[in-house]
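Structural characterization, general
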Amino acid sequence: PDPPRRTHPVSGDAARDLASRFALCERAASSALNASHGDAALAHLVVGRALDLPPVCRHLLGDGCYRSDCSFSHDVEGHTCTFWLRGRCGKGASRCRFLHGFAPRVVE
């Protein structure tokens, strides 16, 4: 199993500043700051990378994509939920197909 993630103390001011720059909820901003070890500049990059990922295939989200030449992402688990980022995901982490956090590939 994966080792437990360490959280880093995050100031409320840093989370509010990051939240206002990206129109995020403070929970998502705090999560980005924790993922970036409290570094506000790196947290800014993490959020930007999460938002810049290619869009997920809408057919895949439905009953499946059957195109061999599909140019959209088929990695649902690697995408951050944009509703969670804004504090508006009504499904919750257990029912949402997207991440309520940040994928390791956008943090590295």
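In this numbering scheme, every chain counts its residues from 1 along its sequence in written order. The predicted nature of this model means local features are confined to residues of pLDDT at least 70 and side-chain atom pairs, given and counted, to a pLDDT of 80 or more, with totals for whole chains, interfaces and linings taken over all residues. Each side-chain value is worked out from all heavy atoms of the structure, with water and hydrogens disregarded.

1. Re helix α3 (residues 40–52)
Over its 13 residues, α3 runs 18 Å from end to end, which matches the ideal 18 Å to within 8%, given 1.5 Å per residue. Burial classification: accessible surface area is computed with a 1.4 Å probe over protein chains only, and a residue below 20% of its type maximum counts as buried, one above 50% as exposed, and the rest as partly exposed. Helix and strand labels come from DSSP, where a helix needs a run of H or I of at least four residues and a strand needs a run of E of at least two; each type is numbered from the N terminus. Among all positions in α3, only A43, V46, V47, G48 and A50 are buried. Only heavy atoms matter for contacts: two residues are in contact if any of them lie within 4.5 Å across the pair. In the core, the buried residues of α3 are packed alongside α1 (12–22), α2 (26–35) and α6 (104–107). Where α3 begins, one side-chain oxygen reaches toward the backbone nitrogen of A41, 3.0 Å away; that side chain belongs to D39. Expected span, for any helix, means 1.5 Å times one less than how many residues it has. Pairs of N or O atoms within 3.5 Å make up the polar contacts considered here, provided that, within protein, one atom can donate a hydrogen while the other can accept it, and that residues adjacent in sequence are counted only when both atoms are side-chain atoms.

2. Brief notes about the pattern of salt bridges
Only one rule defines a salt bridge in this text: a Lys or Arg side-chain nitrogen within 4 Å of an Asp or Glu carboxyl oxygen. Applying the stated criterion across every chain yields a total of five salt bridges. Of the charged contacts in the structure, one is a salt bridge between D13 and R16, with a shortest N-O distance of 2.8 Å. In this pair, D13 and R16 are both assigned in helix α1, three residues apart and thus about one turn of the helix distant. D13 gets classed as exposed once you look at its relative accessible area, which sits at 55%. Overall, R16 belongs to the partly exposed group, its relative accessible area being 42%. D69 serves as the salt-bridge partner of R67, at 3.1 Å between the closest nitrogen and oxygen. Judged by relative accessible area, which is 52%, R67 ranks as exposed. Owing to a relative accessible area of 52%, D69 belongs among the exposed residues under this scheme.

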